[in-house]
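# Structural overview for review
Each chain, written out:
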Amino acid sequence: MLNFTVGPVMCSEEVCAVGGEQVPYFRTPEFSALMFENERLMLKFAKAPSGAKAAFMTNSSTGSMEAVVMNCFSKDDKVLVIDGGSFGHRFAELCEIHEIPYTALKLRRGQKLTREQLFEYDGKGFTGLLVNVDETSTGVLYDAEMIGEFCRRNNTFYVCDCVSSFLADPFDMAHCGADVMITGSQKVLACPPGISVIILAPGAVERVKNAKVRSMYFNLADVLKNMERGQTPFTPAVGILRQINARLKEIESAGGADAEIARVAAQAKDFREKIKELPFEFVSESPANGVTPVHPLNADAYEIFMTLKDEYGIWICPNGGEMKSTVFRVGHIGHLSHEDNTTLIDALKDMQGRGLI
Ligand SMILES: *Cc1c(COP(=O)(O)O)cnc(C)c1O
């Protein structure tokens, strides 16, 4: 299998090997030590401010998006949602469900967010802002620093969904002033799905401690309290947390977050050069490193996905909804090499020779 989707992605041999081991009991000092190490490396790689805490959630990242909306906002807030694709729209839906007053700043498919567009909302009393730093559905990377400047000026609580951009695009949580950062195990962390991590800056830690949450499982104050002893309130995905530990140490010994970001950037650049020979167009005005959305000029995007999967054993990522036939995505995250890019391009050229592209 050769997997170019944006999650789950290819795991390293070491991470796979940990996945093949027995899963240990976890209410032990040994597991607590592993959790503290996971927290330390996650905070370091996110460049989190001092005093930040990590919450390891056994749920997909949408669960963490929901937990953050439930724990950080209330009916008294006024939230701005950057809605440039299906993940931005998900934040709007979550505000709807939890009755958080919000305004959606809508962007066209692939459109970047400019300073002019954002600062139209300046001085309008927004208490919160929700953004997917890489809107993975269209591969648009928003400027987290510019949004941070807006939030600082407006005293706005700033939530960054970095699910697909963490370790793929440069991100400095302390510098951009994000209060919360969310990511998940199956994207650049290149582990199986099942764990999502929420990093909370000190102000966010205070906020969730005082929140009145109508949920047992999504009570972040409870999660943080347990994490003081390296534990979780309920049984976590122990096996995946052990794989995350192996992966974080692997990244650390290969040069840390910046080295991994450079590796993903080079993987994306190599692919974008090689695919220029084919009758495809790029979609994103401000491309993120993790994924390239591609618009085929002469063929149905979903058909290309199916043929590559069924006839070549290669997985690219189809798009959902209205972009299903017009856009497919190629991921650059996980355990992939430049040779793997060549294998994919050769398969696409073969399809072109067969008149399928
Ligand atoms: C993948 C992704 C999610 C959701 O992840 P799930 O694990 O499927 O819930 C959320 N936001 C962004 C930006 C993503 O790329």
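Residues numbered from 1 in each chain as written. Predicted model: local features only at pLDDT ≥ 70, side-chain atom pairs only at ≥ 80, totals over all residues. Heavy atoms only, no water.

### A word on the environment of Leu 2
Mapping Leu 2 onto the fold places it in strand β1 (residues 2-3). With 115 residues separating them in the primary sequence, Leu 2 and Gln 117 have C-alpha atoms 40 Å apart. Excluding its chain neighbours within four sequence positions, the residues that come into contact with Leu 2 are Met 10, Gly 313, Ile 314, Trp 315, Leu 336, Asp 340 and Thr 343. (Helix = DSSP H or I, 4+ residues; strand = E, 2+ residues; numbered from the N terminus. Contact = heavy atoms within 4.5 Å.)

### Notes on the sheet that holds strand β12 (residues 291-296)
Hydrogen bonds along the backbone pair up the strands of a sheet, which may run parallel or antiparallel. Spatially, β11-β12-β15-β14 is the arrangement adopted by the 4 strands of the open sheet, whose pairing is antiparallel. Pairing within the sheet leaves two strands with one partner each, and these edge strands are β11 (280-282) and β14 (317-318). Bridge count between β12 and strand β15 (residues 328-331): 4 bridges; the pairing is antiparallel. Among the inter-strand pairings, Val 294 is bridged to a residue of β15, identified as Phe 328. (Pairing = 2+ DSSP bridges.)

### Things to note about the site of the ligand
Taken together, the neighbourhood of the ligand is formed by 13 residues, with Ser 60, Thr 62, Thr 136, Asp 161 and Lys 187 sitting nearest. The protein chains hide 88% of the 380 Å² of surface that the ligand would expose on its own. Listed by contribution, the elements that provide at least two residues to the shell around the ligand are α3 (61-72) and α4 (86-97). (Near = heavy atom within 4 Å. Areas by Shrake-Rupley, 256 points an atom, 1.4 Å probe, with all protein chains shown as cover.)

### Quick look at the domain arrangement of the protein
Note: interface size is frequently given as the accessible area lost on complex formation between the parts. What the domain assignment reports for the protein is domain 1 (13-253) and domain 2 (262-353). Here the C-alpha centroids of domain 1 and domain 2 sit 27 Å apart. Between domain 1 and domain 2, the residue contacts involve 18 residues of the former and 18 residues of the latter. On inspection of domain 1 and its partner domain 2, the count reaches 1 salt bridge. With a closest N to O distance of 3.8 Å, Arg 108 and Glu 285 form a salt bridge. Linking domain 1 to domain 2 there are 9 residue pairs in polar contact (both at pLDDT 80 or more). When the residues that make up the side of domain 1 that touches domain 2 are grouped by side-chain class, the tally is 6 nonpolar, 6 polar and 6 charged. (Domains from an automatic or database assignment. Salt bridge = Lys/Arg side-chain N within 4 Å of Asp/Glu carboxyl O. Polar contact = N/O pair within 3.5 Å; in protein donor to acceptor, adjacent residues only side chain to side chain. Nonpolar A, V, L, I, M, F, W, Y, C, P; charged D, E, K, R; others polar.)

### What to know about α4
For α4, which comprises 12 residues, the first-to-last C-alpha distance of 16 Å matches the rise-based estimate of 16 Å (1.5 Å per residue) to within 8%. Among all positions in α4, only Phe 87, Gly 88, Phe 91, Ala 92, Leu 94 and Cys 95 are buried. The arc enclosing the buried residues of α4, seen along the axis, measures out at 160 degrees, which places them on a common side. In α4, those exposed residues whose orientation departs by more than 90 degrees from the buried face are Glu 96 and Ile 97. Where α4 is buried, its residues meet α3, β3 (79-83), β4 (102-106), β5 (128-132), β6 (134-135) and β8 (157-161). Positioned one or two residues after α4, Glu 99 has a phi angle of 55 degrees, which is positive. (Expected span 1.5 Å × (residues − 1). Buried < 20%, exposed > 50% of the residue type's maximum accessible area, 1.4 Å probe, protein only. Arc of directions from axis to C-beta.)

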